[in-house]
Amino acid sequence: MIIKREYLSRVRTRTFILTTLLAPLGLLLLLSFQFIVLIFSGEDWKILVKDESSYFNTVNVSGTLISKLQDEKQLNSTIFFKATDESYDSLKSSYKEKGYDGILYIPAFEIKDSRHLKFELYSENFLGVNKLSALREKLRIILRETRIKEAGLPDELIASLDKIDLEIKEIGANKNIAKGSSDIAYGIGFAMGFLMYLVIIIYGTSVMKGVSEEKSNRIVEVILSSVKPFQLMLGKIIGIGLVGLTQFIIWIMLSAGTYFVFMLVLANFADLSALQSSLPQQANMDTQMMQAQQMAEVIRNFPIKWLLLIFLFYFLGGYMLYASLFAAVGALVGEENDSQALVFPVTLPIIISFFMLFALFENPSGQMATWASILPFSSPINMPARLAFGFDQVPIWQLILSIALLILGFIFTTWIAAKIYRVGILIYGKKISLKEVGKWLFYTH
Amino acid sequence: MYILELENVSKRFGDYQALQSMNLGIPPGVIFALLGPNGAGKTTLLRIITHIIAADSGRVLFEGKENVENRIRKIGYMPEERGLYKKMKVGEQLRYLTALKLGNAAEAKKKVIGWLKRLNIEDWYNKPVSELSKGMSQKVQFIATVAHDPQLIILDEPFSGLDPINSQLIEDEIIALRDGGASILFSTHRMEQVEGLCEEIALVNKGRLILNGRTKEIKNRYKKNYFRIGIEGALPVIEETPFLHLEKQSGNELLYRLYGDHTPNELLRHLLDKGVELHSFNEVLPTINEIFIEQVSTRNDE
């Protein structure tokens with residue numbers, strides 16, 4: 001049995017190494033791709049503004065409105081604006097020679113009662129959805145300010161309109177654990193639930209495939225002449241479980257490393273751009289930095305160690321629970337094609353528990369969440385996610401009950417699966433009805 | 001002393017009685033054939049012996065004891081449907097299967113390498129099984145069966161689906177193993193194919209043991225005193241005697257049956273007296289197949 005365990009993990013080495021290394025590599029690639037897109041998608045735009053309404057050239061609280069538009073920073077790229085008096089038509093032919101990328105044409109309009117305004121952006125290239133909407137929003141705000149000013153409000157009041165910065169801080173009633181911000185709990189909880197869901201499905205099916213492979217190429221008879229069916233099944237489940245665990249640990253280490261490197265690069269990059277940018281941007285950067293620091297603080301306060309332990313426990317429990325069922329299904333099917341119908345009853349509870357996760361996020365201490373995190377079929381996906389909202393969220397008796405039920409649950413499914421497995425693995429050729437499977441459960445030996 | 005003994009072994013699958021109080025003994029150092037049509041219960045019996053499934057009742061004794069560990073350790077089993085892990089390499093695979101039997105990885109490795117050398121296929125060690133031809137994987141499967149030096153080698157339908165060359169190969173290996181001191185128990189439904197090979201047989205039908213014993217004895221026990229006579233030239237008229245009956249005549253071949261206690265010499269004398277020019281003379285022993293059919297039909301009549 002021990003040999004088999006070692007063995008199975010070794011058997012899978014080739015694909016194992018590939019997936020273990022490629023998955024984080026893929027993640028890294030994805031991340032860096034996003035990063036690269038961020039850097040290179042943003043080219044600076046220089047836009048000439050032909051303003052016939054003259055609202056944008058007038059002097060305002062903070063300089064001309066056009067200067068407000070100036071240096072609109074959007075996704076690592078900057079839009080520069082320059083006002084002009086030339087006629088729109090002549091600009092159309094000359095803007096490129098002047099070194100601009102486009103013309104923003106603002107027709108004459110009456111600010112008091114215009115509801116629908118139409119400006120034109122004349123260019124050879126497209127600005128892109130993000131920049132366009134940012135530009136529109138900026139213009140809208142300026143117009144709004146202007147309209148308020150026209151209505152006769154004093155400048156100070158207008159200036160103060162933008163000075164409100166609101167943050168809602170949640171404070172945990174329990175003093176033991178600093179309550180994480182809901183967003184991060186949500187993120188971590190979802191990541192864990194999703195990972196659990198993936199892992200159970202992936203390794204469960206790999207147990208099933210392994211069993212049905214052994215059955216369909218008949219090697220199982222040879223092996224069963226040496227060991228008991230239960231030993232073979234358990235050996236396979238444990239072997240693949242260990243593979244999963246190893247993979248997991250490597251992933252955690254790799255992603256931690258990747259994250260670290262990524263952050264380092266990001267920090268360097270931020271330093272660089274901070275040096276190049278002007279003062280108002282510096283301020284912007286500072287708030288960003290502060291936000292990042294706050295986030296890091298929350299993450300640091302998170303009971304990662306405990307959560308990881310709980311996660312590993314539920315991973316093992318959930319995996320054992322479902323893997324033995326998958327093994328039983330594998331023993332029933334043999335040939336791949338008719339497996340779907342039998343796999344469904346096993347995957348269904350996994351999928352349902354995954355959807356329960358969303359209900360859990362709506363209300364982490366609601367009834368649905370409580371049951372989902374206690375019942376053994378859904379607890380592996382739901383309990384760690386619930387705990388991510390803080391350990392004080394879950395009464396200790398619920399946690400203990402959940403753990404106990406999970407242990408009982410997997411002992412129970414393993415017992416049932418062993419019975420089905422023992423009979424099913426040696427039956428070839430005929431289709432097996434669920435009724436017959438039911439009968440096997442009562443075979444005494 | 002038998003190497004393997006079955007006492008009143010029975011097995012049911014639901015409503016189907018697969019084996020009915022089976023008693024069987026296999027002595028050491030013989031080639032033993034388990035014969036019977038499809039569905040007679042041969043595979044079930046072998047699976048009980050190899051401890052793949054448990055009998056409902058009865059005992060299985062190995063070397064006179066009910067010790068399962070020892071039995072598993074000293075039996076080598078090759079199932080009817082052969083299978084190996086396709087993606088695994090030959091060497092790894094054999095080491096794994098042998099180690100499961102021996103419980104000792106280092107020893108398993110030594111034995112596997114020894115066998116690969118013995119069959120001159122050391123260079124297959126790192127080949128994946130999926131690259132082997134059918135005959136080649138046959139050899140690998142065979143090594144997997146015998147690498148742990150079993151005392152009893154059980155082969156379920158070893159000849160099914162084999163071409164004559166591979167059949168011969170298996171046959172030679174069976175004999176070599178017997179000469180090495182092991183007992184070989186194999187099942188087959190192609191009875192005529194194995195008559196020359198097996199020293200003892202057991203006939204099984206519908207889960208029951210019909211006949212069991214040394215092949216020669218059984219044949220003698222059920223012989224019907226048929227004699228095939230080859231002659232030259234025309235056949236003179238030979239009147240029937242009470243003890244002699246001409247069963248069949250085709251060309252120059254006559255088939256006589258002797259009744260009573262009369263010896264073949266009397267038949268010959270009788271023919272010679274009539275001036276028959278004799279060319280050949282053989283006793284026709286019944287084939288296992290014939291004995292089987294006769295036994296099954298008489299039993300059904302009962």
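Keep in mind that what you see is a predicted model, and the values were worked out from it rather than measured.

Novice: In this structure, what is going on with the sheet that holds strand β13 (residues 277-284) of chain B? I would like to understand it.
Specialist: Across a sheet, paired strands are connected by hydrogen bonds in the backbone, their directions being either parallel or antiparallel. Residue and element names in this part refer to chain B. One open sheet holds the four strands; their spatial order is β11-β12-β10-β13, and the pairing between them is antiparallel. At either end of the open sheet lies a strand with only one pairing partner, and these are β11 (244-250) and β13. This sheet shows a mean twist of 25° between the axes of neighbouring strands, independent of strand direction. Summarising the sheet, β11 and strand β12 (residues 253-258) pair through six bridges and their orientation is antiparallel. Looking across to β12, one finds that histidine 245 is bridged to arginine 257. The strands touched by helix α8 (residues 264-273) within the sheet are β10 (226-232), β11, β12 and β13, with β13 carrying the most contacts at an inclination of about 155°.

Novice: Is there a simple way to think about the nonpolar core in this case?
Specialist: Note on soluble globular proteins: their nonpolar side chains tend to be buried together. Of all hydrophobic cores here, the largest spans 143 residues; its most connected members are Ile223 and Tyr319 of chain A together with Ile49, Ile174, Leu185 and Phe186 of chain B. Not counting chain neighbours up to four residues away, the residues in contact with isoleucine 223 of chain A comprise Glu214 and Leu232 of chain A together with Tyr85, Tyr96, Leu97 and Leu100 of chain B.

Novice: Any chance you could explain the interface of chain B and chain A here in plain terms?
Specialist: It is common to give the size of an interface as the accessible area lost on bringing the parts into contact. In this assembly, 29 residues from chain B lie in contact with 21 residues from chain A. Approximately 2400 Å² of surface area, both sides summed, lies buried where chain B meets chain A, with 60% of it carried by carbon and sulfur atoms. Broken down residue by residue, the surface that chain B buries against chain A is led by Tyr85, Tyr96 and Leu100 of chain B, which jointly contribute 25%. Inspection of the chain B/chain A interface yields one salt bridge. As a salt-bridge pair, glutamate 221 of chain A and arginine 47 of chain B come within 3.2 Å of each other at their nearest N and O atoms. Viewed at the interface, chain A and chain B are joined by two residue pairs in polar contact (both at pLDDT 80 or more). Looking at which element gives the most residues to the side of chain B that touches chain A, the answer is helix α3 (residues 90-102) of chain B, with seven residues.

Novice: Sorry, what's going on with the side chain of arginine 178 of chain B here?
Specialist: Residue and element names in this part refer to chain B. By the secondary structure assignment, arginine 178 is in helix α6 (residues 164-179). Polar side-chain contacts of arginine 178 include one of 2.4 Å to the side chain of glutamate 199. Discounting residues that sit within four places of it in the chain, arginine 178 has contacts with Gly29, Val30, Ile31, Ile184 and Glu199.

Novice: Honestly, unusual backbone geometry in this entry has me stumped. Any pointers?
Specialist: Residues other than glycine predominantly adopt negative phi, and peptide bonds predominantly adopt the trans conformation. Residues and elements named next belong to chain B. Phi at asparagine 8 takes a positive value of approximately 50°, unusual for a residue other than glycine. Considering the arrangement of structural elements, one finds asparagine 8 in strand β1 (residues 4-13). Judged by relative accessible area, which is 43%, asparagine 8 ranks as partly exposed. Here glutamate 63, not a glycine, exhibits a phi torsion of approximately 50°, which is positive. Note that glutamate 63 resides in the loop between β4 (57-62) and α2 (68-74).

Novice: What should I look at first to understand the pairing of strand β9 (residues 208-214) of chain B in this one?
Specialist: Looking along a regular strand, one sees the side chains alternate between the two faces of the sheet. All names here are of chain B. Judged from the six bridges that link them, strand β8 (residues 200-205) and β9 form a sheet pairing that is antiparallel. Bridge pairing in β9 links isoleucine 201 to glycine 213. Here β8 folds back onto β9, and the loop between the two strands holds two residues, one of which, lysine 206, carries a positive phi near 50°.

Novice: Whenever I open this one, the confidence of the model for chain B confuses me. Can you help?
Specialist: If pLDDT is low for a region, its predicted coordinates should not be looked at in detail. Residues and elements named next belong to chain B. Confidence in the prediction for chain B averages 82 pLDDT; 97% of positions are at 70 or higher. Per-element confidence in chain B ranges from a low mean pLDDT of 76 for helix α9 (residues 288-301) to a high of 89 for strand β6 (residues 152-156). Scored as a whole, the predicted complex attains pTM 0.67, and scored at its interfaces, ipTM 0.73.

Novice: Would you mind showing me how to read α8 of chain B here?
Specialist: Working note: α-helix, 3.6 residues per turn, so residues spaced by three or four point in the same direction. Residues and elements named next belong to chain B. All of the buried residues along α8 are Leu267, Leu268, His270 and Leu271. In a view along the axis of α8, the buried residues occupy a sector of 160°, so they form one face of it. Each element contacted by the buried residues of α8 is listed here: β10, β11, β12 and β13. Following α8 by one or two positions, glycine 275 adopts a phi angle in the positive range, close to 80°.

Novice: Would you explain the pattern of salt bridges in this entry?
Specialist: Any two side chains of opposite charge can pair, on the condition that their charged atoms come close. Residue and element names in this part refer to chain B. The full count for this structure, using the stated rule, is 13 salt bridges over all chains. Among the ionic pairs, lysine 11 bridges to aspartate 56, the shortest N-O distance being 3.6 Å. Pair noted here: lysine 11 is in strand β1 and aspartate 56 is in the loop between α1 (42-49) and β4, with a separation of 45 residues, a long-range link. Residue classification places lysine 11 among the buried positions, given a relative accessible area of 8%. A relative accessible area of 33% means that aspartate 56 is categorised as partly exposed.

Reading the values: rules and limits
Residues numbered from 1 in each chain as written. Chains lettered and ligands numbered in written order. Predicted model: local features only at pLDDT ≥ 70, side-chain atom pairs only at ≥ 80, totals over all residues. Heavy atoms only, no water. Pairing = 2+ DSSP bridges. Helix = DSSP H or I, 4+ residues; strand = E, 2+ residues; numbered from the N terminus. Axes fitted to C-alpha atoms, helices over the stretch in contact; angles between N-to-C directions. Contact = heavy atoms within 4.5 Å. Core = buried A, V, L, I, M, F, W, Y, C linked by side-chain atoms within 4.5 Å. Buried < 20%, exposed > 50% of the residue type's maximum accessible area, 1.4 Å probe, protein only. Buried area = accessible area lost by both parts, 1.4 Å probe. Salt bridge = Lys/Arg side-chain N within 4 Å of Asp/Glu carboxyl O. Polar contact = N/O pair within 3.5 Å; in protein donor to acceptor, adjacent residues only side chain to side chain. pLDDT = per-residue confidence, 0-100. Arc of directions from axis to C-beta.

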